Amino acid sequence: MKKISLARFTFFLCLCIVGTLQTAAQKATAPNGHFVTAKGLKLYYEETGKGMPLLLLHGFMRTASDWSYGYGSYTAALSKNYRVIAMDLPGHGRSDCMDTTDIYLHKRAAEYILAALDSLHIDSINVIGSSSGAFITLYLATMRSSFIKKMVVIGGQVYYSNATRHQIIEIGESIKNTARMEELIQIHGKQKANLLSRQFLNFSKLYGDPSFTPDVLSTIKAKTFIIHGDNDMLAPVSNAWEMYQNIPGAHLWIVPNGGHIPQIIPDYQQEFIRLVSTFLTDSWGNVFR
């Protein structure tokens, strides 16, 4: 298996977090963009297609537009069969901030997202979450077990290991006062960009969020597909195995040399769409059991 150096991994992950040239396509609001008020907070989402609702949750310091541009137009592919709702996480992009403290709690973000979905009169949903979006997906599934029917967890974590905390510090420090920070400002505006960069760095000192112990994971009723890079240095692959062992009936795809966000790698984009679509339609039988 081809290995990648720490420096190369950090550079690649920063690109995933703070954007590529494709972020220039992101606008204040998209033609299919809307706002919904949840517990006094305005959250932005982009809606495409019809059918069973499918919520897409991006990673930290990113936006909903990733699913249309940065990840290979997944919105276009998935909206052929689903009502795709790609949402800016609270405090990101065009969504309001939960607060202005330097601590970002994924569980609290999940509470706002649940309230937003209630406001949209959605009584059941499928979810795809990447990185921080994966943490929030796990919270949604444990906070309201019957609400989430199927979920795809990409680069998720059950807790922050020491290795993860070290990576957070390295990546967070590399963002300060660089061109990467300028890109963040273009995506979120200066105030949010500065806040998000501080919140990201403070994940290195945060305990209890995320925290998904085996007994909590075992309560998940949603059908689950776990996707994880075998060389994910930010979220060690042991996280995926722990989820797979403890979420009843879970499926697992370990992506060779997939890094932290496998779906952003061009070579895997069509396979990602194929496998996720197969999972959502229950058409693969017991292939991955």
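Residues numbered from 1 in each chain as written. Predicted model: local features only at pLDDT ≥ 70, side-chain atom pairs only at ≥ 80, totals over all residues. Heavy atoms only, no water.

> Explanation requested: the confidence of the model for the chain in the structure shown.
Do not read the fine detail of predicted coordinates wherever pLDDT is low. Averaged over all residues, the pLDDT of the chain equals 89, while 88% of them reach at least 70. In this model residues 1-12 is a low-confidence stretch, pLDDT under 50, and it forms 23 contacts with partners more than four residues away in sequence or in other chains. Segment residues 17-27 is flagged for pLDDT under 50; beyond a separation of four residues in sequence, or across chains, it makes 26 contacts in the model. (pLDDT = per-residue confidence, 0-100. Contact = heavy atoms within 4.5 Å.)

> How should the sheet that holds strand 7 (residues 223-229) be read in this particular structure?
As a general point, the strands of a sheet are linked pairwise by backbone hydrogen bonds and lie either parallel or antiparallel. Strand order in the open sheet formed by 8 strands is 1-2-4-3-5-6-7-8, and the pairing between neighbours is mixed. Of all the strands in the sheet, just strand 1 (33-38) and strand 8 (251-255) have a single pairing partner and so form its edges. The sheet shows a mean angle of 20 degrees between the axes of neighbouring strands, direction not considered. Bridge count between strand 6 (residues 148-154) and strand 7: 5 bridges; the pairing is parallel. Looking across to strand 7, one finds that isoleucine 154 is bridged to isoleucine 227. Each of strand 1, strand 2 (41-48), strand 3 (52-57), strand 4 (82-87) and strand 5 (125-130) is contacted by helix 3 (residues 106-119), which is oriented at about 110 degrees to strand 1, the strand it contacts most. (Pairing = 2+ DSSP bridges. Helix = DSSP H or I, 4+ residues; strand = E, 2+ residues; numbered from the N terminus. Axes fitted to C-alpha atoms, helices over the stretch in contact; angles between N-to-C directions.)

> Got a minute to help me understand the pairing of strand 3 in this structure?
For a regular strand, the rule is simple: side chains alternate between the two faces of the sheet. The element strand 3 is extensively covered by neighbouring structure, given that 5 of its 6 residues are classed as buried. Pairing analysis gives 6 bridges linking strand 3 to strand 4, with the strands arranged parallel. Bridge pairing links leucine 57 to methionine 87 in strand 4. Pairing of strand 3 with strand 5, which is carried by 4 bridges, proceeds in the parallel orientation. Within strand 5, the residue paired with leucine 54 across the bridge is asparagine 126. (Buried < 20%, exposed > 50% of the residue type's maximum accessible area, 1.4 Å probe, protein only.)

> Looking at this structure, how should I read the nonpolar core?
One recurring pattern in soluble globular proteins: nonpolar side chains tend to sit buried together. Counting 60 residues, the largest nonpolar core has Leu55, Leu57, Leu138, Leu140, Ile148 and Met151 as the members making the most contacts within it. Judged by nonpolar contacts, the second largest core, of 27 residues, contains Leu56, Ile128, Ile273 and Val276. (Core = buried A, V, L, I, M, F, W, Y, C linked by side-chain atoms within 4.5 Å.)

> Is there a simple way to think about helix 7 (residues 190-202) in this case?
Think of an α-helix as 3.6 residues a turn; residues three or four steps apart then line up on the same face. Taking 1.5 Å as the rise per residue, helix 7 with 13 residues should run 18 Å; its terminal C-alpha atoms sit 18 Å apart, in good agreement. Buried within helix 7 are the following residues: Lys192, Ala193, Leu195, Leu196, Ser197, Gln199, Phe200, Leu201 and Asn202. (Expected span 1.5 Å × (residues − 1).)

> For this particular structure, what's the right way to read the pattern of salt bridges?
Pairing is possible between side chains of opposite charge, provided their charged atoms come close. For the coordinates displayed, the defined rule picks out 11 salt bridges. Across the pair lysine 223 and aspartate 282 runs a salt bridge whose closest N-O atoms are separated by 3.4 Å. Of this pair, lysine 223 sits in strand 7 while aspartate 282 sits in the segment after helix 10 (266-280), and the two are 59 residues apart along the sequence. Assessed through its relative accessible area of 43%, aspartate 282 is described here as partly exposed. (Salt bridge = Lys/Arg side-chain N within 4 Å of Asp/Glu carboxyl O.)

> I keep staring at the environment of glutamate 46 and nothing clicks. Help me out?
Following the sequence through the fold, glutamate 46 ends up in strand 2. Once the C-alpha coordinates of glutamate 46 and threonine 75 are considered, the two residues, 29 residues apart in sequence, prove to be 9.4 Å apart. Residues contacting glutamate 46, with those up to four places away along its chain left out, are Ala30, Asn32, Gly33, Ala64, Ser65, Ser68, Val84, Ile85, Ala86 and Arg94. Looking at glutamate 46, its side chain comes within polar contact range of the side chain of tyrosine 44, at 2.9 Å. (Polar contact = N/O pair within 3.5 Å; in protein donor to acceptor, adjacent residues only side chain to side chain.)

> Can you help me understand empty space enclosed by the protein in this one?
The gaps of empty space that remain are located by a probe, the size of a water molecule, rolled over the atoms. Across all of its chains, the model carries 2 cavities of 30 Å³ or more by this definition. Quantified by volume, the second largest cavity comes out at close to 50 Å³. Lining the second largest cavity, in full, are Gly91, Cys97, Met98, Asp99, Tyr104, Leu195, Leu196 and Gln199. Grouping the constituent residues of the lining of the second largest cavity by class yields 5 nonpolar, 2 polar and 1 charged. (1 Å grid on protein atoms, 1.4 Å probe; cavity = no way out; pocket = protein on both sides within 12 Å on 5 of 7 lines; lining within 4 Å. Points joined across faces, edges and corners; volume = space filled by probe spheres on them. Nonpolar A, V, L, I, M, F, W, Y, C, P; charged D, E, K, R; others polar.)

> Which parts of the structure should I look at to understand the pairing of strand 1?
Pairing of strand 1 with strand 2 involves 6 bridges; the strand directions are antiparallel. Considered in strand 2, the bridge of histidine 34 is made with tyrosine 45.

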